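Chain by chain, the residues:
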Amino acid sequence: MRSVCELTAPDCPKLDNQPHRICGAALTLNPSIQVVRYQRLRLVKRGISKCTVLGMAQLQISSKSEKPAEKPGEKPAEQWGNGLEFLFSCISLSVGLGNIWRFPYIAFQNGGGTFVIPYLIALLVIGRPVYYLEISLGQFTGRGVFKAFDMAPLLKGVAVGQVLATAASITYYSSIMALTLRFLLASFGSQLPWSSCWESWGSDCHDGAAQNSSGKMSPAQLYFEREILHELPNIDNGLGLPNWQLVACLAVAWLVIGGVLIRGIKSSGKAAYFLGVFPYVVLLILLLRAVTLPGAIDGIIYFFKPQWRELLNPLVWYAAVTQVFFSLAICFGTLITYASYNNFHRNVYNDIVIITTMDSCSSIIAGCITFGILGNLARETGNTDIGSVVKGGAGLAFISYPEAIAKFEYVPQMFAVLFFLMLFVLGIGSTVGMGSCILRVIRDQFGLRAAPIWKLASGLAVLGFAVSIVYMTPGGQFMLNLVDFYGVSFTALILAIGELVAVAWIYGVNRFCEDIKFMMGIETGWYWRLCWRFITPGLMTAVLIYMLLDMSALEYKGVGYPTLAHVFGCFLATLGLIQLPGWAIYAIYKKRGQNGQSFWQRVRAACKPSDTWGPANVQLDVDVNVDATI
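Keep in mind that what you see is a predicted model, and the values were worked out from it rather than measured.

Caption draft 1: Up close: the packing of helix α6 (residues 157–186) against helix α8 (residues 244–263). The N-to-C vectors of α6 and α8 enclose an angle of 115°; their axes lie 8 Å apart at closest approach. Two packed elements cross with a definite hand, and for α6 against α8 that hand is right-handed. Between α6 and α8, the residues in contact are I170, S174, S175, M177, A178, L179, L181, R182 and L185 and Q245, L246, C249, L250, V252, A253, W254 and I257, respectively. The class makeup of the residues in the contact of α6 with α8 is 13 nonpolar, 3 polar and 1 charged.

Caption draft 2: The arrangement of unusual backbone geometry in detail. Even without being glycine, A329 reaches a positive phi, approximately 60°. With respect to the helices, strands and loops of the structure, A329 is situated in the loop between α11 (314–328) and α12 (334–340). For A329, a relative accessible area of 8% gives the class buried. With phi around 65°, C331 is a residue other than glycine that occupies positive phi space. Positionally, C331 belongs in the loop between α11 and α12.

Caption draft 3: Region of the structure containing the pattern of salt bridges. Enumeration according to the criterion identifies 12 salt bridges in this entry. The partner of R379 in a salt bridge is D298, with the nearest N and O atoms 3.8 Å apart. Of this pair, R379 sits in helix α13 (residues 349–381) while D298 sits in helix α10 (residues 296–304), and the two are 81 residues apart along the sequence. The exposure class of R379 is partly exposed, given its relative accessible area of 48%. Among the residues examined, D298 registers a relative accessible area of 37% and is labelled partly exposed. A single salt-bridge network, built from bridges that share partners, covers R143, D150 and K156.

Caption draft 4: Spotlight on the nonpolar core. Counting residues in hydrophobic clusters, the biggest one holds 195 residues, and the most contacted among them are W101, F325 and W532. In this structure, W532 is in contact with P129, V130, Y132, L133, L500, A504, V509, F512, C513, I516, T524 and P537, ignoring residues within four places of it in sequence. Counting residues in each nonpolar core, the second largest holds 6 residues, with L154, A584, I588 and A606 among its members.

Caption draft 5: Just a nonpolar patch on the surface, in detail. On the surface, W505, W526, L530, F534 and I535 cluster together to form a nonpolar patch covering roughly 570 Å² of accessible area. Here the nonpolar patch takes 4 residues from helix α18 (residues 526–550), the largest share from any one element. Here W505 is to be found in helix α17 (residues 476–520).

Caption draft 6: Representation of the side chain of S340 in the model. With respect to the helices, strands and loops of the structure, S340 is situated in helix α12. Aside from chain neighbours lying at most four places away, what touches S340 is G138, Q139, G142, R143 and R440.

Caption draft 7: Region of the structure containing the state of the cysteines. Taken as a whole, this structure holds 1 disulfide when the rule is applied. Note on cysteine connectivity: C197 is disulfide-linked to C205, with sulfurs 2.0 Å apart. Between C197 and C205, the disulfide has an S-S torsion of -80° and is therefore left-handed.

Caption draft 8: Representation of the environment of S195. Assignment of secondary structure puts S195 in the loop between α6 and α7 (219–228). Residues S195 and K407 lie 212 residues apart in sequence; the distance between their C-alpha atoms is 7.8 Å. Aside from chain neighbours lying at most four places away, what touches S195 is P219 and A406. Separated by 3.3 Å, the side chains of S195 and Q191 make a polar contact.

Rules of the game
Residues numbered from 1 in each chain as written. Predicted model: local features only at pLDDT ≥ 70, side-chain atom pairs only at ≥ 80, totals over all residues. Heavy atoms only, no water. Axes fitted to C-alpha atoms, helices over the stretch in contact; angles between N-to-C directions. Helix = DSSP H or I, 4+ residues; strand = E, 2+ residues; numbered from the N terminus. Left-handed = near helix turned anticlockwise from the far one by under 90°. Contact = heavy atoms within 4.5 Å. Nonpolar A, V, L, I, M, F, W, Y, C, P; charged D, E, K, R; others polar. Buried < 20%, exposed > 50% of the residue type's maximum accessible area, 1.4 Å probe, protein only. Salt bridge = Lys/Arg side-chain N within 4 Å of Asp/Glu carboxyl O. Core = buried A, V, L, I, M, F, W, Y, C linked by side-chain atoms within 4.5 Å. Patch = residues over 30% accessible without salt bridge, like charges linked within 9 Å, V, L, I, M, F, W, Y side chains within 5 Å. Areas by Shrake-Rupley, 256 points an atom, 1.4 Å probe, with all protein chains shown as cover. Disulfide = S-S within 2.5 Å. Polar contact = N/O pair within 3.5 Å; in protein donor to acceptor, adjacent residues only side chain to side chain.

Written out as structure tokens, the structure is:
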């Protein structure tokens, strides 16, 4: 079905190869080819029947398709089976290891209640607005994070940097899954191995009695550090050799990740119903047990009671902002990827409220469990300072949760199996989202030339396994902390600022809100506009500046790193951040063929959406018959 509209002056001043804008749509006129593609489709929404352009021309506009358009050189897009699959997939992605594993130890490192207040503030003015932005952007463009940044080619390096940060994250998330499997296997014994002291631990272990327990460690902590990790006091002399048991568990973890990725988005969508619900059942059971332990209330009070002076510490705010990134899985490209499989006209506003609320509740529940257990440990060891009852670190979850499970009176092995199965399930949800992001970028970039999905997923699994072995060494937790800081958290904050600049300032908040209205039929409120343009990037920039001014050398459990480790960390950070100027220079360089343009004109041209930018649900072909006298 076709419609015809007549164009006359003065809306387009020239009929040449320059882009023109009619009824809010980007239009490129090329009289030699005489084919024009509308990449912005708001004009269809407004119902063009008559428009004006210099001279006379006839536009034949093809009617829009309700299905995602297949762009030249691209494979047909996959989609979620229904809206619930999308909702539960986002829940399993966002409510993952970032909440249950990472949140408690980051909160513990930053003073408990002192951390919770900045975290909740960051969740409201950074987490939720960026979540809405990324879901809307992914759903509008229908492509992965790299192609989504065709809206602002000058800052396409943001997308590349985010993919690199995602690649770094998936390596150590898989190592957490390996540790989880190791504990899961140990839970099938007749007695939990961390429920009592081992003779080989000597006097370092306390048996639960408060007498003469000061300065000693719990059986759960000793089991994790000495029997699972075989942890080194420092890495001055190297990382040591990988533990074969952990390497085997790591191989199983990557087999599962690769298998789910091979099955595709529809398969993971079906699994999301289980992945999104099962963890809450186990968490509620653990919460009920943790709050009934002697001394638990002291730990929970510590979790919620802030030290007001520490709220001025920029490092606490930095930790809160970056934790929001991990909790919600924002600024890593994963949400844009998941939303790209969504129905174009789906109203995701309610989804965003549900997901972000469940995410924050999950983090608070995990915090209450962990700090309740720490309060109990403090009472048993006679330690009045809950902040020093354990050394903390990335392995805190493997100390606090097993400690609580060991105190179950009936069949603690069953609860241990349920918990570590839950933790493994959470790991699947998080890593599959990361892997999907990486694979989507590759498939978008190479289109029909890309290898089959099973080859790409298998290659990612093999490469990820090879890299992740470094975390299976006695110094692996040192490396995890190093990669997390330099390769992920630090770069993610800077790239997040770049993302907001690209959408809110280069592409434009008003234009983006028009896209949302065209897509979902809703107006964007002032709260979202203010956050996207001013509050969110402003707060992140302030946190970054103050953090840089107050930053000290990275440590793990109070132990410093050798110089070579810092050099490697700086290399990781540079690799992610150099993408910003690198891709900006490339975008400007591509505009060199336009004669007569100054450098700043080419910069402005690189800020405009590329020819491939546009909504996912339709692509209009417009045949233009130009009068020869024009």
